[in-house]
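Per-entry structural report
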Amino acid sequence: MYNNKKAFAKSKLSRCIRIASGISLMALSSVALAQEEKQDELTDAASLEEVTVTGQRASILSAQDIKRDSDSIVDSIVASDIGKLPDRSITEALQRVPGVTVTRYDDMSDPEHFAGEGAGVAVRGLSQVRAELNGRDVFSASGGRSLSFDDVPAELMAGVDTYKSPSASMIEGGLGGVVNLRTRMPFDSDGQVFSATIKGNYGDQIEETNGEYSALFSDQWETGIGDFGVLVNLSTSDLSSRADNIYTRAYFPREDIEEDQTVWVSPGADWRRNDYKRKREGQYLALQWAPSDDLQLYTTAFRSTHEQFWDENGFFIDAGNYTAAVKGAEDWEYDNNGALVSGTIGTNNGNGMAFGTSTRYSENVSETTDISFGGEWLASERLTVKGDLQYVESTSQTEDVLLGLVTFPDAIRVDGLNSAPSIHVDDAFLTDPSNYSYGQMQSMPSDNEGDSFAARLDLEYELENSLIRSVQAGARYTEKSTRNAEAFSWSAMYQPWQTGWLYPDRNSFPNVQSSDLVAFSYGGFQRGNIDVPDSAYLLNPALLRDYRGTTDRLTEFYYDHTDALADPAGIDWHNPSVRWNELDLTSPDNLNTQDETTEAVYLQANFAMDDLTMPVDGNVGLRYVRTDNVAHGHMRFGAFSIPGSSEPLFPGDPVALSSENDYDHVLPSLNVRLHATDELKIRFAASKAVWRPEFWRLKALMDFSVNWKDGINPPTSPEDYDPSMIYFALDSTGNPGLEPMTANQYDLSAEWYFDDNGGMAHVNLFRKDVSDVFGTVTEDTTIEDMDVVASWMGNVGTADIQGAELGVSKFFDFLPEPWNGFGVQANYTYIDSSVDVPAEVDPTNTDGSDYNDLPFEGLSEHAYNLVGMYEQYGFYARLAWNWRSEYLVSANANGWKDDGAGWHLPVYNDDYGQLDLSMGYNVTDNVSVNFEAANVTREETVGLMDQGEIGKRHAYTYSQDVRYAASIRVTF
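These remarks concern the structure in this document. Source: prediction; values computed, not measured.

The number of helices and strands found in the chain is seven helices and 48 strands. The C-alpha radius of gyration computed for the chain amounts to 31 Å, which stays within 12% of the reference 30 Å derived for 972 residues, consistent with globular compactness. Dimensions of the chain, computed from C-alpha atoms along their principal axes, come out at roughly 110 × 70 × 55 Å. For the chain, buried positions account for 53% of its 972 residues. Contacts in the chain between residues at least 24 apart in sequence constitute 74% of all its contacts with a sequence separation of at least 6. For the chain, the exposed surface amounts to about 40,500 Å²; the carbon and sulfur share of it is 54%. Here the chain contributes 70 positively and 152 negatively charged side chains, and the mean placements of these two sets differ by 7 Å.

Right, let's get into the nonpolar core. Counting 77 residues, the largest nonpolar core has W271, F355, I423, Y438, W896 and Y956 as its most contacted members. In this view, Y956 contacts Y105, P111, I246, Y247, V889, W896, V907, Y908, N909, T941, V942 and G943; residues no more than four positions away in its chain are not counted. Counting 35 residues, the second largest nonpolar core, distinct from the first, contains V123, F139, A154 and Y298.

The next subject is the sheet that holds strand 6 (residues 159–163). With mixed pairing, the five strands of this open sheet are ordered in space as 1-6-7-4-5. Because the sheet does not close on itself, it has two edges, and the strands there are strand 1 (74–78) and strand 5 (136–137). Where strand 6 and strand 7 (residues 177–182) come together, five bridges link them in antiparallel fashion. Across the sheet, D161 pairs through a bridge with N180, a residue of strand 7. Most of the contacts of helix 3 (residues 55–69) go to strand 1, to which it runs at about 155°, and overall it touches strand 1, strand 6 and strand 7.

Turning next to unusual backbone geometry. For the bond running from E817 to P818, omega is 0°, close enough to zero to count as cis. Tracing the backbone shows P818 in the loop between strand 36 (786–811) and strand 37 (822–836). Its identity as a non-glycine residue notwithstanding, N134 has a phi of 55°, on the positive side. Along the chain, N134 turns up in the loop between strand 4 (129–133) and strand 5. Residues other than glycine seldom take positive phi values, yet E207 does so here, at roughly 55°. Tracing the backbone shows E207 in the loop between strand 8 (193–203) and strand 9 (208–223).

Here we take up the pattern of salt bridges. Taken as a whole, this structure holds 57 salt bridges when the rule is applied. The residue E932 makes a salt bridge to K199 at a minimum N-O spacing of 3.3 Å. Pair noted here: E932 is in strand 45 (residues 927–934) and K199 is in strand 8, with a separation of 733 residues, a long-range link. Of the two residues, E932 and K199, neither departs from the other in class, the shared state being buried. For D204, the salt bridge is made with R938, and the minimal N-O distance between the two is 3.6 Å. Here D204, found in the loop between strand 8 and strand 9, pairs with R938, found in the loop between strand 45 and strand 46 (940–946); they are 734 residues apart in sequence, far enough to count as distant. For R938, a relative accessible area of 46% puts it in the partly exposed group. What you see here is one network of salt bridges that share partners, running through K67, D75, R124, K164, D747 and E805.

Right, let's talk about the environment of D731 for a bit. Along the chain, the position of D731 falls in strand 33 (residues 726–731). Sequence separation between D731 and I66 is 665 residues, and the spatial gap between their C-alpha atoms is 49 Å.

Taking 1.5 Å of rise per residue, 15 residues should cover 21 Å, and helix 3 covers 21 Å from first to last C-alpha, within 8% of that figure. Of all 15 residues that make up helix 3, 11 are buried, and the element is covered over most of its length. Taken together, the buried positions of helix 3 are Q56, R57, A58, S59, I60, L61, A63, Q64, D65, K67 and R68.

Turning next to a nonpolar patch on the surface. On the surface, a nonpolar cluster with roughly 610 Å² of combined accessible area is contributed by I198, Y213, F875, Y921, V923, V929 and I968. Here V923 shows up in the loop between strand 44 (912–922) and strand 45. Its relative accessible area of 45% is what places V923 among the partly exposed residues.

What follows concerns helix 6 (residues 547–561). Across its 15 residues, helix 6 extends 21 Å between first and last C-alpha, which sits within 8% of the 21 Å expected from 1.5 Å per residue. Among all positions of helix 6, only Y547, T550, T551, L554, T555, F557 and Y558 are buried. What you see down the axis of helix 6 is that its buried residues fit within an arc of 160°, all on one side. Those residues of helix 6 that are exposed and angled more than 90 degrees off the buried face are E556 and D560.

Moving on to the side chain of R280. When you line up the elements, R280 lands in strand 13 (residues 268–292). Among all residues touching R280, those that are not within four sequence positions of it are R88, S89, E117, D150, D151, V152, P153, S235, T236, S237, T305 and H306.

With respect to the secondary-structure elements, V152 resides in the loop between strand 5 and strand 6. Among the residues examined, V152 registers a relative accessible area of 4% and is labelled buried. In the structure, V152 is positioned 152 residues away from S304 in sequence and 5.9 Å away in space, judged by C-alpha atoms. The residues contacting V152, other than those within four sequence positions of it, are I90, L147, M157, L181, R280, F302 and S304.

With that settled, consider the packing of aromatic side chains. For the structure on display, the rule yields 32 aromatic pairs. Relative to F509, the ring of F408 has its centre 5.9 Å away and its plane inclined at 45°; by these criteria the two rings are tilted. Of this pair, F408 sits in the loop between strand 19 (383–407) and strand 20 (412–415) while F509 sits in the loop between strand 25 (489–492) and strand 26 (517–521), and the two are 101 residues apart along the sequence. Owing to a relative accessible area of 7%, F408 belongs among the buried residues under this scheme. Classification of F509 by relative accessible area gives buried; the value is 5%. On the numbers, 5.9 Å between centres and 85° between planes, the contact of F812 with F814 is edge-to-face. By relative accessible area, which is 60% here, F814 ends up exposed. Taken together, the ring pairs connect W271, F315, F355, F520, Y522 and F525 into an aromatic cluster.

Side-chain direction in a regular strand flips from residue to residue, so the side chains alternate between the two faces of the sheet. As paired strands, strand 29 (residues 616–637) and strand 32 (residues 701–708) are joined by four bridges and run parallel to one another. Bridge assignment links H634 to a residue of strand 32, and that residue is L701. One ladder, built from six bridges, connects strand 32 with strand 33; its direction is antiparallel. From the neighbouring strand, S705 faces strand 33, where its bridge partner is A729.

Bridge count between strand 37 and strand 38 (residues 862–872): nine bridges; the pairing is antiparallel. The partner of A826 across the bridge, within strand 38, is L866. Alignment of strand 38 against strand 39 (residues 875–884), held across 10 bridges, turns out to be antiparallel. Across the sheet, residue Y870 finds its bridge partner in strand 39, namely A877. Hairpin geometry of strand 38 and strand 39 is characterised by an intervening segment of two residues between the two adjacent antiparallel strands and by a positive phi of about 55° at Y873.

Quick notes on the rules
Residues numbered from 1 in each chain as written. Predicted model: local features only at pLDDT ≥ 70, side-chain atom pairs only at ≥ 80, totals over all residues. Heavy atoms only, no water. Helix = DSSP H or I, 4+ residues; strand = E, 2+ residues; numbered from the N terminus. Rg over C-alpha atoms; globule rule 2.2 N^0.38 Å. Buried < 20%, exposed > 50% of the residue type's maximum accessible area, 1.4 Å probe, protein only. Contact = heavy atoms within 4.5 Å. Areas by Shrake-Rupley, 256 points an atom, 1.4 Å probe, with all protein chains shown as cover. Lys, Arg positive; Asp, Glu negative; His and termini not counted. Charge placed at Lys NZ, Arg CZ, Asp CG, Glu CD. Core = buried A, V, L, I, M, F, W, Y, C linked by side-chain atoms within 4.5 Å. Pairing = 2+ DSSP bridges. Axes fitted to C-alpha atoms, helices over the stretch in contact; angles between N-to-C directions. Salt bridge = Lys/Arg side-chain N within 4 Å of Asp/Glu carboxyl O. Expected span 1.5 Å × (residues − 1). Patch = residues over 30% accessible without salt bridge, like charges linked within 9 Å, V, L, I, M, F, W, Y side chains within 5 Å. Arc of directions from axis to C-beta. Phe/Tyr/Trp six-rings, centres within 6.5 Å; stacked < 30°, edge-to-face > 60°.

This is the structure we're talking about:
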C-alpha cells in the first residue's frame, strides 16, 4: 500500500518521538525485568495513546500537532469526526480561534440587515483575509478577493487552518492572515470508510424545522498500476431563522421654546421582522493514484452552492430631518444630556406623523466550483517536485426588491428612546385600509461572475550535514477575470416630505387599491419584550415576485391620479424608462469588468541547528510577485458648452475606458523556532504582506464635469473664453490605479506543551504596520494639462496594530473517574490600534460637529473564548462562550447618514457574548447521536450611534433565534 513518507513525517513525527521517548525511558529503568513485563508496559503505553485520539480530545491533539510542527505560526480547527467541525458553520468555528472575530451583518456598511449566520471574518482586527482551499487560492464572485466562508458547507471540511505568519512558499495576500480550508483525501484513511449524518434544525422564533444531510465514502485499492483511491463527499442543508429588529434614528438639536435650551429629538424609529432561509449544498470528489512509492497524482473537484432568501416586513415612523416640523408636547421628558426619552410626537403642520410599512424580498444564489490537478514526485532521494493546475469559477446573482405604503396618524407616543423604545399608535387607525397610500419602490439587482486559472510548480532539494537542511524554489502564474454588475433604483410614490410642496397636504394622496393590501401581524415581536404596534397593512408580498409588472402598474396609477399636480421643479419622479435604464445590468453605468494576471517566484531556505543546547530551526525566504490589472469601464461627461457656442465641450455618450495598472512587490519572510525544551517552543516571525484592492474598488467608471473657477464671470462669447477659466471635476467610487495595501508584521510567541494529553498554553505578541490604507480622497491634480479636482478611491493613510493572544487547554486526567473526563480551553485577544486614515466620508454629527480619533473599523480591543468539555463513557459535551468588546461598524452606515444634509454618524456594535452547547452519545462504535443549541441565553445584538455631546445612543437591537439541532451519525 502506498505510504506518503513526507506527509507521515510532518503530521506524525512529533507524536512518535514522544511515544518512543517514553518507551526508551521505560526500557532503561527496567532492564532487569522479564520480557513479558516489558511487553505489558508497551501494551499499556499503546493503550494509553489510543485513549488520547478519540472524539473532542483527538480534535484538540491534532490541532496542537499542526501548530507545534508547522514552520510558521498557525492555529487550527480539526473535525472531531468525519463531517463534524466543532461548530455549525466555518465562520462560527473560526470565532473560537485566538485573534479571529466575526461580524453578524450581511454587509458592514449596512448594519440594518442581520446575517442569519456569522458572516465576515477578521484576523487580528483586519478583514483583509485571504482564503485557500487545500493550499490553493479560492474566492467568491462578490466584487472582493476572498471567500464568503458561510457559502461553504462545514460538513465537507477535515479542518481549517489560520496562518498568521507567512513563509515565502505560501501564496501572497492577506494582511490579517490566511484561512486554509482542508478537505479529506482517499489516502488519509486505511481501507474503506463510510459515514452519513441526518440532522434536524429548529429556530425558536421562526418555529420551523429544517433538514440537513451529509455522506462520505472513501476507499482505496491495490492494482497492477499502483494504488488507487477515491473519495466522495456530499452535503445539503436548510436553515430557517428569524430576527426581530428595532431601530432608533438620529437625534437632531432644536430649541425647546418653553425651557429656552437646546434639546435633542429623534424623529424616527423602525421595527422589522426578517425571516431568513438558507439552502447550502456541497459536492466533493477526490481521486488519488500512486503508481509507485515515488509518485502520487491527484484530482479534486469541489462545488458549493449557497441560496439565501429573506423576507422583510417593516413598520416605521419618520419625520425626516425636519425636526422643526415635529410638534413638542407637555409630556416630553429628557435625560441629563437633554435628549428626548419619551413623549407624544406630532407635527406642527397638522398633516400627522408619517407612518410607513414596507415589504421586501431578497434572494441571492452563489456558486463556487474548484477543479484541481496535481502531483508530487520524489525525483531522487533529495529532490521533490510538486505541481498543480487549478480552475475556479464563481457566480452570484441577487434580486432585491421593496414596495412600501404610507399613512399619517395624528400622533405617536414613544417611550424609552435611550434603549430599545416602546411605541404606541392608534390601533384602529392602523387597521383601517382606507388610511393608506402607495409609498416607495426600490430595487437592487446584481449579477456577478469570476473565474481564474492558476499553475504552480514547487521544488525542494534536501542537503546533508549543513546548516541549510533544504532549499525550496517555485513559480506560480494566474489569470483572473471578473464581471460585476450591480444596480440601484428608488422611486417615490407619495412621501411625507412632498406635502406642502408637491402636494397641498396628506389628503391629496390617493388611497391604495384594496386588492393590493394584506394584513400583517408580527406575532410576538422580540418574544414580547418590546411594546410596538403589532398589526398594520402591507403591500401583498406576492406583488414583489413580478416587480416590473407591479411597478409599471403603480406608475400608471400615479399618472392617472396626479395629472393636476405637476412637480414645480419639472422633475418626473416616475418615468418608467428612467427606472428600467437604472436597473439595466448590461448598462455601462452598472458594469465593472477586470482582467488580472500575476507572476510569482520564490526562494526559501529551511535551516536547522540541532547541535545547540537549545536547537533552532526555521525558514527564511523571498517572494517576488508582479501583478497586471486592466479595468474596463466608461468615462461619462457632464453637459457643458462655451457660452455662445453650439458645440458641447464633451461628447454626450460615455466613452469606453480601459485602464492598466501594474505593480511589483518583493516580500521577505523569516520564521524561527527555538526548542527551549522538549515542551517549550519559542517562535519569532517577521514578514511583509500585501493585499490587492478588491475589484469593486478598482471600478473604472468616472464622471467628468466642468465648473467655472471661483471669481470667474462666465464669458458671453467664445472669443472671451480662456481654458484657465474652468476646472474639471472627476468623481468616481473606484480607482483603477489604486495600489495594494502592505504591512510589515512581527510575531513573538511561546508555546508550552506541558503534557501529552492535550495540555498546552501559548502567548503571542504581534505588531502590524499597515501602509497605503484604502479610503475616499479629494485632491487637486493634473490630467493631460487639465486642472482636475478628483474625488475617488485612494491610498490615504497608515495604521499600526499591536496586541497579544493568550490561550490554554487542559484535560483533567489526574482526577478520579468520572471527573477525569473534564477539560477546558480558553483564549484571550487584546488589540490596540493607532490609525492615521481619513474617513471615506467626514463623520459629522447632526449639529455639524466633527468626530476625532475614531478606531479602526471592525476592531474589538478585547475578545475571549471559554470552552468547557466533558468526554467519558461514550458521552461528550461542549459548552462554549464567545465574547468580543464594542467595535466600530461603520462611519458611513446606511440608515444613520444623509449625504445631502452632510451628516454621517459612527455606528458601533456594543459588547456581545454568546453561549453555545453541543452534546452527544456514542451508542456503539459506529453510531452516535448529537444535540446542539446556539445562543442558549437568547443574547441580543445592540448597536450604538455616536451623537457627540449627548453620548452614544441606542441605534438598534436584534433579537435572533435560539437554534436547536439534533442529529444521528453512522460511520463504518
